[in-house]
Amino acid sequence: MANRWKGWLKIVYVVFAFCSAFCLGAIKGLMVGPIAGLILIVGNIAVILGLFPSHVAWTVYTLIKTNKFDAPLKVAFFFALPVLFGIWLGLSIAGSVLVGVGYGFFTPWMSAFEAFRHENEFKKFLHCIVDGTWETIKGSCIVVRDFADICNHSYPLYLKELRDSPSSNRLQPLRFIHVPGCIIVGLVGLVVEIPLYTAIALAKSPCMLFKGWQRLIHDLISREGPFLETACIPIAGLTILMWPLVVIGSIIMAIFSSFFIGLYASVVVYQERSFRRGVSYVIAMVAEFDEYTNDWLYLREGSILPKPQYRKKEFPQSTHGGNQLPPDKISSIIKEAPPMLMPSLSSSRSVREAIQEVKMFQIWENAMKSCETKGKALLDANVITPGDLYEWLRAKNSDEASIIGVGLPCYALLQTIFYSIKVGSDGLLLIDNFEINYLNRPQDRLLDWFFQPVMVLKEQIRVIELEEAEARFLEKVVLFGNNSRRMEAWENGSLVPQDALRAAQIQGISRRMMGMTRSISKFPTYRRRFKQIVKALIIYSKEKEGSNRSISTRSVATI
């Protein structure tokens, strides 16, 4: 009898705690949401509109100067630019509003439920009230800052790389006769894909709503998935209540993705040299989306819609290294990319399992900490100077201050690779003996783009078995690049390989590392986080100079 009463009291407590957190979270959302949402919306829209003239000028200048495209293709791009910029303004402003409202109102709400992860009851109550207030406002400012970095730094870097890239024989020349076809099929793609994607998403949204509820309630009754841990039951309960919003978000994502999938029809016309193939692509993509949603919702296989063939030939794969993908790979990515935000309705993993697997932030923080540690060591050895750090702060992008912007991250990564090879790690051994390998790495598409190339690079360095002097020479090359004066000034026991093949291998490794670092530097949050590292190194150098002065002053006083 006592155990039964304990069980009932536990149920009453969980229900009361859930209702309390729900009400407190709603109050916090109503108080903090308008402020945080307004900061994010106004900030992002100010960045979009403020940089819009610059974006137009940079893009037009790049199209004129680049040798990547021939004249007819440039003409096609110029005709498409007004439409593309109009879509950019519409989607970016609408996206900013949606993100601002969602982030501002729901982040404080969710933080009220996350407070249940604390063990002490007083801490649960305190964090339920305090968490998600000031942090949400600060987070909205960080989002605006990262978005500004993308628009003001990353996008110009992409354009600069496009201007500097040489002409490629892989791109087929476009005849002027194909320009009208590209434009017309692109417009047809927008007219067809947007309403049909919207109709399919709306038609299948009730199925997604009820099947999602069924899966979550089943997990609640059987104590599986997110309901396995008692502390996470309130959060999972909120998930059940908020599932309709997830469905609405899926519909919005379907509509957004239809813009880009429709415009890609112009690319198909360019690749296939066929107006009919472009129209076939537009029809086939509707069937692809219908089939994709059927698979995710466990409905009938395939699609009743027509799916014509729109490819008539294979594109040759490039044998050169680099980040460029052949057109068939791009097409496959377009088709495989989820055009609708569809959470999996299969059995969920527990929250503890998910937390153990997600280590992307650990890797990111570890990489930044490695840059700071190696930077301090280089400052102590007078290899880099405070002037280099100030130069990076004044520079518009990493290429203008490449020693810090490119060389320092490359040097830190190289030291990580050297240490991993030395200890015989199967993956990468980061700071604090934190190892990432193929078994425990996060299942993240963004990480896949760099983890595999880094592992290939590590294997190449291991196979060629660099001698100590050659390894020191590679350190010089990745840190200073083409700055021969700084390379000569750093006496680290390096030796330039006399063998031409050996020297070419080292130069090739350094170029690949620099290319990966430049690609990473364009990502959101990177510039903000790396700027914090640079400022920390400046403070460290000032403290070092201050301690040296105090020591010299004391030594003079003793004399």
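Up top you'll find the structure we're talking about.
Residues numbered from 1 in each chain as written. Predicted model: local features only at pLDDT ≥ 70, side-chain atom pairs only at ≥ 80, totals over all residues. Heavy atoms only, no water.

Caption draft 1: Local environment of the packing of aromatic side chains. Overall, the coordinates contain twelve aromatic pairs when judged by the stated rule. A ring pair is formed by Tyr264 and Tyr281, whose centres lie 5.7 Å apart and whose planes are at 55°; its orientation type is tilted. Residue Tyr264 is located in helix 6 (residues 233-272), and its partner Tyr281 is located in helix 7 (residues 275-296); the two are separated by 17 residues in the primary sequence. Across the pair, exposure class does not vary: Tyr264 and Tyr281 are buried alike. These aromatic residues form a ring-pair network of at least three members: Phe22, Phe106 and Trp109. Positioned above the aromatic ring of Tyr158 is the side chain of Lys522, whose terminal nitrogen or guanidinium carbon lies 4.9 Å from the ring centre. Its end group placed over the ring of Trp392, Arg527 keeps NZ or CZ at 5.1 Å from the ring centre. (Phe/Tyr/Trp six-rings, centres within 6.5 Å; stacked < 30°, edge-to-face > 60°. Helix = DSSP H or I, 4+ residues; strand = E, 2+ residues; numbered from the N terminus. Buried < 20%, exposed > 50% of the residue type's maximum accessible area, 1.4 Å probe, protein only. Lys NZ or Arg CZ within 6 Å of the ring centre and 35° of its normal.)

Caption draft 2: Here's a closer look at the pattern of salt bridges. Scanning the entire structure with this criterion turns up 15 salt bridges. Ionic pairing is found between Asp146 and Arg528, a salt bridge with its closest N-O pair at 2.8 Å. Taken together, the residues span a long stretch of sequence, with Asp146 in helix 4 (residues 134-164) and Arg528 in helix 17 (residues 526-558) at a distance of 382 residues. Overall, the relative accessible area of 8% leaves Asp146 in the buried class. By relative accessible area, which is 10% here, Arg528 ends up buried. For the salt bridge of Arg486 with Asp388, the shortest nitrogen-to-oxygen distance reads 2.8 Å. Taken together, the residues Arg486 in helix 15 (residues 484-489) and Asp388 in helix 11 (residues 386-394) connect sequence positions 98 residues apart. You can call Arg486 buried: its relative accessible area is 14%. By sharing partners, the salt bridges in this structure join Glu288, Glu291 and Lys307 into a single network. (Salt bridge = Lys/Arg side-chain N within 4 Å of Asp/Glu carboxyl O.)

Caption draft 3: Inspection of the nonpolar core at higher detail. Counting residues in each nonpolar core, the largest one holds 53 residues, and the members touching the most others are Leu378, Ile404, Leu474 and Phe530. In terms of residue count, helix 12 (residues 402-423) provides more of this core than any other element does, ten residues in total. Dropping the residues within four chain positions of it, Ile404 is found in contact with Ile384, Asp388, Leu389, Trp392, Pro409, Phe530 and Val534. Of all hydrophobic cores here, the second largest spans 25 residues; its members include Leu81, Ile251, Val269 and Val282. (Core = buried A, V, L, I, M, F, W, Y, C linked by side-chain atoms within 4.5 Å. Contact = heavy atoms within 4.5 Å.)

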